[in-house]
Protein chains: 2
Amino acid sequence: MEPLQILECSPPLAREPLDAEQAAGVARVFKALGDPVRLRILSIVASHAGGEVCVCDINDAFELSQPTISHHLKVLKDVGLLTAERRASWVYYRLVPEALAELSGLLNTPVTV
Amino acid sequence: MEPLQILECSPPLAREPLDAEQAAGVARVFKALGDPVRLRILSIVASHAGGEVCVCDINDAFELSQPTISHHLKVLKDVGLLTAERRASWVYYRLVPEALAELSGLLNTPVTV
DNA sequence: AGCTGACATAGACTACTGTCGATATAGACA
DNA sequence: TGTCTATATCGACAGTAGTCTATGTCAGCT
């Protein structure tokens, strides 16, 4: 499934019940956020001045093996929360702000509650 | 951990990196959202006129066993997304809008990006 | 008290996930 | 070409999560 299309067709949770297909797509993204290491990686990338972070810097921030971090980065990339770009020997990850915004919109509760 | 305290002390992901403890708390909630059945249950409750839904109605909305639905409701309640109230023979679940709002705030990206 | 219906809990089973070490791949450079 | 560094992929293993059946608990009713 195309990463950014996972979210774009789902109304806010509080507007109407999600159908099974919408729920499956959205759940993929929330599941990616449902791990402490991935949340920390995402916040490192999201809060980093310049908007992008080298994998080597992320590795340094954790006491986990390099393959483990690589795995988590892949999960975040596969659901469309991050993008990766290789430049020379290094790979830089960057937030996809639209994805976060979509999720945030999904969680909005109507004013009339 | 107290359900509503899981979220209240965490800044937006894009402001500063989460520490391990914050990430663990927030991840619990996102993990609860990372299942299609739970997302659908949540959206059923959140979008229901009157704000509360009887368990029996939720059961009817799925082709899953009653204990499975009960399990998912417990997960959502344990992380503070739903509350339950028994009245006579029936149990009614209700959304905790503040929890959704907190999550939504966590995902907000600063204007300056 | 006993029965019935609504919901929760317990235990088992399968499938998935996070982690690791080992290995592959890609680029820079001598 | 060969080597070194950075990152990704593979395969294995332990722990976790979703589902089920069986059973327990609670409230209302006869």
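Right above here is the structure, for reference.
Residues numbered from 1 in each chain as written. Chains lettered and ligands numbered in written order. Predicted model: local features only at pLDDT ≥ 70, side-chain atom pairs only at ≥ 80, totals over all residues. Heavy atoms only, no water.

Student: Explain the protein's contact with DNA strand D residue by residue, including any values.
Tutor: Among the 23 residues in the neighbourhood of DNA strand D, the closest are listed as Gln-66 and Tyr-93 of chain A together with Arg-38, Thr-68 and His-72 of chain B. What you see for DNA strand D is that sugar and phosphate hold 72% of its atoms within 4 Å of the protein. Among the secondary structure elements, those contributing two or more residues to the surface near DNA strand D are α3 (55–60), α4 (66–78) and β3 (90–95) of chain A together with α2 (36–47) and α4 (66–78) of chain B. (Near = heavy atom within 4 Å. Helix = DSSP H or I, 4+ residues; strand = E, 2+ residues; numbered from the N terminus.)

Student: Could you give an account of the protein's contact with DNA strand C, with specific residues and numbers?
Tutor: Near DNA strand C you find 24 residues, and of these Arg-38, Thr-68 and His-72 of chain A together with Gln-66 and Tyr-93 of chain B are the closest. Sugar and phosphate atoms constitute 76% of the interface atoms of DNA strand C, taking the interface as everything within 4 Å of the protein. Thr-68 of chain A is positioned such that a nitrogen or oxygen atom in its side chain is 2.7 Å from a phosphate oxygen of DNA strand C. Cys-56 of chain B is positioned with one of its backbone polar atoms (N or O) 3.1 Å from a phosphate oxygen of DNA strand C. Among the elements of the structure, α2 (36–47) and α4 of chain A together with α3 (55–60), α4 and β3 (90–95) of chain B are those that each provide at least two residues to the surface near DNA strand C. (Polar contact = N/O pair within 3.5 Å; in protein donor to acceptor, adjacent residues only side chain to side chain.)

By themselves, these observations are geometric and do not establish any function.
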